[in-house]
Number of protein chains: 2
Amino acid sequence: MFDIKTELTTNPKEKPASEVLGFGHYFSDHMFVLDYTEGIGWHDARIVPYQPITLDPSAMIFHYGQSVFEGLKAYVTVDKQALLFRPEQNFRRLNRSNERLCIPTIDEELALEGLKQLVSVDREWIPSAPGTSLYIRPFIIATEPNLGVHPSKKYQFIIIMSPSGSYYKEGINPVKIMVEEQFVRAVKGGTGEAKTGGNYASALKGQEIASREGYAQTLWLDGKGNKNIEEVGSMNIFFKINGTVVTPALNGSILPGITRDSMLHVLKSKGVPVEERNISIDEVVEAYNNGTLEEVFGTGTAAVISPVGELKYLGDKMIINEGKIGEISQMLYETLTGIQYGFIEDTFGWTIRL
Amino acid sequence: MFDIKTELTTNPKEKPASEVLGFGHYFSDHMFVLDYTEGIGWHDARIVPYQPITLDPSAMIFHYGQSVFEGLKAYVTVDKQALLFRPEQNFRRLNRSNERLCIPTIDEELALEGLKQLVSVDREWIPSAPGTSLYIRPFIIATEPNLGVHPSKKYQFIIIMSPSGSYYKEGINPVKIMVEEQFVRAVKGGTGEAKTGGNYASALKGQEIASREGYAQTLWLDGKGNKNIEEVGSMNIFFKINGTVVTPALNGSILPGITRDSMLHVLKSKGVPVEERNISIDEVVEAYNNGTLEEVFGTGTAAVISPVGELKYLGDKMIINEGKIGEISQMLYETLTGIQYGFIEDTFGWTIRL
Ligand SMILES: Cc1ncc(COP(=O)(O)O)c(C=O)c1O
Ligand SMILES: Cc1ncc(COP(=O)(O)O)c(C=O)c1O
């Protein structure tokens, strides 16, 4: 149906042991590539040996940041099958990012087919130790060699894959998170809801400040009033207040996380009351003060769930659930990883087995 | 004093005729390169033949937008010398951008020396037809091959140069500019005052809408209240209202333009009243309605001055100075280009002759 040429490597790399994996250091033997040229469109889909990219120094990606990316994972199930989790959602979101960044949209079906073939070719690169997975990074870069500020006339869409270690080697440890007051990640009307490099570059400074003070991540407030809660570095954020789970509504400046969406479905299916709405940092502080802030957790592809044990705002430290993982966080973690590793039945139709 | 190795090309390119130049299409024979490695610092300054950059597909520039750049020009003066205009200001600004983007700062003196040597090596690439110049693009990209979101441990600082045609081939034509109401370029606390790729990527969408309606550029309002005027696509903006020249103050979300700064100095030296302060779009509309909006112009390295003949806001069109260039705009253009091409004495100490 799709014409995807495959050129296999003649020089396969050695696969690293699962203990040394970490995140984003090692890459599999092959990559998927698709080119765009104005007037021709996207063309020349192919799987080739993992190899460097060679670009003119004037290539637009080096100057004007026109890029988008995605992040998802392939898992080995208990019955030894390769499994993808909601990959079509990633390509749908990639296309929404494309629209914001003036990048021509891709054929989502072709991308999915390319991904499936790539994972099949590098099937042995999916690590199988508990908690490990193959992280998948689709991305698009502007490659036209030209210094004019305008949408590029050439792009490359590439998928690379990186075997990753277990996020929680010693059990799920809640993290400490710091509310950023000075720097802003995104604002309504900006690029916050797109997955584009500039958002991450802009977030580094806040992240640096947080790390220096011993915090794992930054909690971003909205750029307009510095009051409404947006999201954490690379996770969406949830608060359980007085029995109800609240998460910021998709207001245009936060990333519509696929884990976030999955959690909302799981919560609803279990009958837990959930609300997607604006939530201000003041409301969280108030709930903390009157003892109704029961759980705080981040959600994202990398960690699935990251319980927050401490939240710092304006010099004050809020210790949540005595710094331990909460019941809802635990249930969500088990449900989602259960579906992803195939030991819980996927009643949502989220998984694709290869 | 600085150890800069030079490797000359054995294969010089043909220089394009000045009529075909345009902007950012052609590049000179050499480039300056400086590497950064964590633990070593910036090292290995060199001038090499202009050549492609080869990076791993996981190089951070392709994913997280950690990059900064600059733009300045070299001119041939009436007495046939190569001249640089305030280049030290560009490297100072580059370092301020570096700080915001968590990129290690460079040695500004080394960068300036590298630039001078590069321009000398490619001296013949500075075009000499009236209004032409050699556009200079210093830039820094994050090159560490790693998908973790953190400041890169490796960078390249590169300077490339592009002979550019005259911005005003048929005399200075005022442009039409549209105020953007929906999209936002930058917000206080964000990266607006840094010269980083993400700001330009984020601005493409507004620019696309403006072009579609026949407007040359977008006028950006602040991200917090969508009321205060910030800047134009790649220019700072000035309003002459009732004899006083007003330009938005450097509030943290606009680029501190070097042309802007130069214009302020020229205006003060000529005794023209100037104000750097917040100015809202409402104030501009009011001045237009009561007949005191006398001139509007943008300032930037590319065009020096770009008079605005029409400004569109909320569906209403304001025609400024009957769509013609104003007296102050004309004076500023002549003064600055006079200094840059060496036919007016540089009483400000802004120029470096090589
Ligand atoms: C800024 C940001 N927010 C949220 C998320 C979570 O999104 P997802 O659940 O799709 O991984 C990410 C993730 O990868 C992110 O970069
Ligand atoms: C966003 C933006 N504002 C203003 C300017 C003008 O700055 P300068 O006068 O230093 O060229 C530029 C230009 O290059 C720019 O990109």
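Residues numbered from 1 in each chain as written. Chains lettered and ligands numbered in written order. Predicted model: local features only at pLDDT ≥ 70, side-chain atom pairs only at ≥ 80, totals over all residues. Heavy atoms only, no water.

Under the annotation held in an unreviewed UniProt entry, chain A carries the name Branched-chain-amino-acid aminotransferase and is attributed to Ureibacillus sinduriensis BLB-1 = JCM 15800. Here is the UniProt Sequence similarities (unreviewed entry) comment for chain A, exactly as written: "Belongs to the class-IV pyridoxal-phosphate-dependent aminotransferase family." Database annotation for chain A, UniProt heading Cofactor (unreviewed entry): "pyridoxal 5'-phosphate". (UniProt positions renumbered as here; feature names shortened; annotations may be inferred.)

Visitor: Is there a simple way to think about the overall build of chain A in this case?
Guide: From N to C terminus, chain A includes seven helices and 19 strands. For chain A, whose C-alpha radius of gyration is 21 Å, the value lies close to the compact-globule estimate of 20 Å for 354 residues. Seen along its three principal axes, the alpha-carbon backbone of chain A occupies a region of about 60 × 50 × 35 Å. By residue count, 61% of the 354 residues in chain A fall in the buried class. Counting contacts in chain A only where the partners sit at least 6 residues apart, residues at least 24 apart contribute 70% of the total. Taken as a whole, chain A presents about 13,500 Å² of accessible surface, with 48% of it coming from carbon and sulfur. Averaging the locations of the 34 positively and 44 negatively charged side chains of chain A gives two centres separated by 1 Å. (Helix = DSSP H or I, 4+ residues; strand = E, 2+ residues; numbered from the N terminus. Rg over C-alpha atoms; globule rule 2.2 N^0.38 Å. Buried < 20%, exposed > 50% of the residue type's maximum accessible area, 1.4 Å probe, protein only. Contact = heavy atoms within 4.5 Å. Areas by Shrake-Rupley, 256 points an atom, 1.4 Å probe, with all protein chains shown as cover. Lys, Arg positive; Asp, Glu negative; His and termini not counted. Charge placed at Lys NZ, Arg CZ, Asp CG, Glu CD.)

Visitor: Even after reading the chapter, I still don't get the relation of the copies chain A and chain B, so can you show me in this structure?
Guide: Between the two copies of the chain lies a relationship made up of a rotation around an axis and a movement along it. Note on the identical chains: chain A maps onto chain B by a rotation of 180° and an axial translation of 0.0 Å, with an RMSD of 0.0 Å. Both copies of the chain, as the preceding transformation shows, are related through a two-fold rotation axis. Interface overlap between copies is the fraction of interface residues in one copy that are interface residues in the other; for chain A against chain B it reaches 100%, indicating a shared surface. (Least-squares fit on C-alpha atoms with pLDDT ≥ 70 in both.)

Visitor: Looking at this structure, how should I read the site of ligand 1?
Guide: Residue and element names in this part refer to chain A. Lining the immediate environment of ligand 1, one finds 16 residues, of which Tyr200, Glu231, Ile258, Thr259 and Thr301 sit closest. Glu231 has a polar side-chain atom sitting 2.5 Å from a nitrogen atom of ligand 1. Measuring from an oxygen atom of ligand 1, one finds a side-chain N or O atom of Thr259 at 2.5 Å. A total of 380 Å² of accessible area belongs to ligand 1 in isolation, and the protein chains cover 95% of it. For the shell around ligand 1, the elements supplying multiple residues, two or more each, are α5 (258–269) and β16 (293–300). (Near = heavy atom within 4 Å. Polar contact = N/O pair within 3.5 Å; in protein donor to acceptor, adjacent residues only side chain to side chain.)

Visitor: How do you make sense of the interface of chain A and chain B when you look at a structure like this?
Guide: Much of the literature gives interface size as the accessible area that the parts lose upon coming together. Each partner contributes residues to the interface: chain A has 57 residues there, and chain B has 57 residues. Approximately 4,700 Å² of surface area, both sides summed, lies buried where chain A meets chain B, with 64% of it carried by carbon and sulfur atoms. It is Phe62(A), Leu147(A) and Leu204(A) that lose the most area in chain A upon contact with chain B, and together they represent 14% of the buried surface on that side. Joining chain A to chain B, the criterion identifies zero salt bridges. (Buried area = accessible area lost by both parts, 1.4 Å probe. Salt bridge = Lys/Arg side-chain N within 4 Å of Asp/Glu carboxyl O.)

Visitor: Any chance you could explain the pattern of salt bridges here in plain terms?
Guide: In the structure shown here, the tally under the stated rule is 31 salt bridges over all chains. It is possible to trace a salt-bridge network through shared partners that takes in Asp35(A), Asp44(A) and Arg46(A).

Visitor: Help me understand the site of ligand 2, please; the structure alone is not making it clear to me.
Guide: Residues and elements named next belong to chain B. Taken together, the neighbourhood of ligand 2 is formed by 16 residues, with Tyr200, Glu231, Ile258, Thr259 and Thr301 sitting nearest. In this structure, an oxygen atom belonging to ligand 2 sits 2.5 Å away from a side-chain N or O atom of Tyr200. The side chain of Thr301 places a nitrogen or oxygen atom 2.6 Å from an oxygen atom of ligand 2. Protein coverage of the free-state accessible area of ligand 2, which is 380 Å², stands at 96%. Looking at the shell around ligand 2, the elements with two or more residues in it are α4 (258–269) and β16 (293–300). Among the residues forming the shell around ligand 2, the class breakdown is four nonpolar, eight polar and four charged. (Nonpolar A, V, L, I, M, F, W, Y, C, P; charged D, E, K, R; others polar.)

Visitor: Whenever I open this one, the domain arrangement of chain A confuses me. Can you help?
Guide: Residues and elements named next belong to chain A. Domain boundaries in chain A define domain 1 (5–166) and domain 2 (175–340). When each unit is reduced to the centre of its C-alpha atoms, the spacing between domain 1 and domain 2 is 27 Å. Taken together, the 20 residues of domain 1 in the interface contact 19 residues of domain 2. When domain 1 packs against domain 2, close to 1,700 Å² is buried across both sides, 57% of that on carbon and sulfur atoms. On the domain 1 side of the contact with domain 2, Phe69, Phe85 and Arg93 bury the most area, a combined 35% of that side's loss. Where domain 1 packs against domain 2, one counts one salt bridge. A salt bridge links Arg86 to Asp261; the shortest N-O distance between them is 2.9 Å. Linking domain 1 to domain 2 there are eleven residue pairs in polar contact (both at pLDDT 80 or more). Looking at the side of domain 1 that touches domain 2 element by element, the count peaks at six residues for helix α2 (residues 87–100). For the side of domain 1 that touches domain 2, the class distribution of residues is seven nonpolar, seven polar and six charged. (Domains from an automatic or database assignment.)

Visitor: Please clarify how the pairing of strand β8 (residues 133–142) of chain B should be interpreted in this entry.
Guide: The side chains of a regular strand alternate, residue by residue, between the two faces of the sheet. All names here are of chain B. Among the ten residues that make up β8, ten are buried, leaving the element largely enclosed by the rest of the structure. Going residue by residue along β8, you find Ser133, Tyr135, Arg137, Phe139 and Ile141 tucked away on one face and Leu134, Ile136, Pro138, Ile140 and Ala142 tucked away on the opposite face as well. Here three bridges tie strand β6 (residues 72–76) to β8, and the two strands are oriented antiparallel to one another. In the sheet register, Leu72 faces β8, and the bridge partner there is Ile136. (Pairing = 2+ DSSP bridges.)

Visitor: Can you walk me through α5(A) in this structure?
Guide: An α-helical turn contains 3.6 residues, so a residue and the one three or four places further along point in the same direction. Residue and element names in this part refer to chain A. Here α5 is twelve residues long and its end C-alpha atoms lie 17 Å apart, about the 16 Å a rise of 1.5 Å per residue gives. Of the residues making up α5, those classed as buried are Ile258, Thr259, Arg260, Ser262, Met263, Leu264, Val266 and Leu267. Looking one or two residues past α5, Gly271 carries a phi angle of roughly 75°, positive in sign. (Expected span 1.5 Å × (residues − 1).)

Visitor: What is the right way to look at the confidence of the model for chain A in this model?
Guide: Close inspection of predicted coordinates is inappropriate in any region flagged by low pLDDT. On average, residues of chain A score 96 in pLDDT, and 100% of them are at 70 or above. In the predicted assembly, ipTM is 0.97 and pTM is 0.98. (pLDDT = per-residue confidence, 0-100.)

Visitor: What is the right way to read the pairing of strand β10 (residues 175–179) of chain A from this model?
Guide: Residue and element names in this part refer to chain A. Where β10 lies against strand β17 (residues 304–313), four bridges are found, and the strand directions are parallel. Paired with Val175 across the two strands is Val308, which belongs to β17. Bridge analysis of β10 against strand β11 (residues 217–221) gives three bridges, and the strand direction is parallel. Bridging across to β11, Val179 finds its partner in Leu219.

Visitor: Looking at this structure, how should I read the UniProt feature "modified residue: N6-(pyridoxal phosphate)lysine" (unreviewed entry) in chain A?
Guide: Residue and element names in this part refer to chain A. UniProt records the feature "modified residue: N6-(pyridoxal phosphate)lysine" (unreviewed entry) for Lys195 in the present numbering. Turning to its location among the elements, Lys195 is positioned in the loop between β10 and α4 (197–212). What Lys195 contacts, discounting residues up to four positions off in sequence, is Ser67, Val68, Phe69, Glu70, Gly71, Arg93, Ser97, Tyr200 and Leu255.

Visitor: When you look at helix α1 (residues 87–100) of chain B in this model, what are you seeing that I'm missing?
Guide: All names here are of chain B. Spanning 14 residues, α1 covers 21 Å between terminal C-alpha atoms, matching the ideal 20 Å at 1.5 Å per step. Residues of α1 that are buried: Pro87, Asn90, Phe91, Arg93, Leu94, Asn95, Ser97, Asn98 and Arg100. Phi turns positive, to about 60°, at Cys102, one or two residues after α1.

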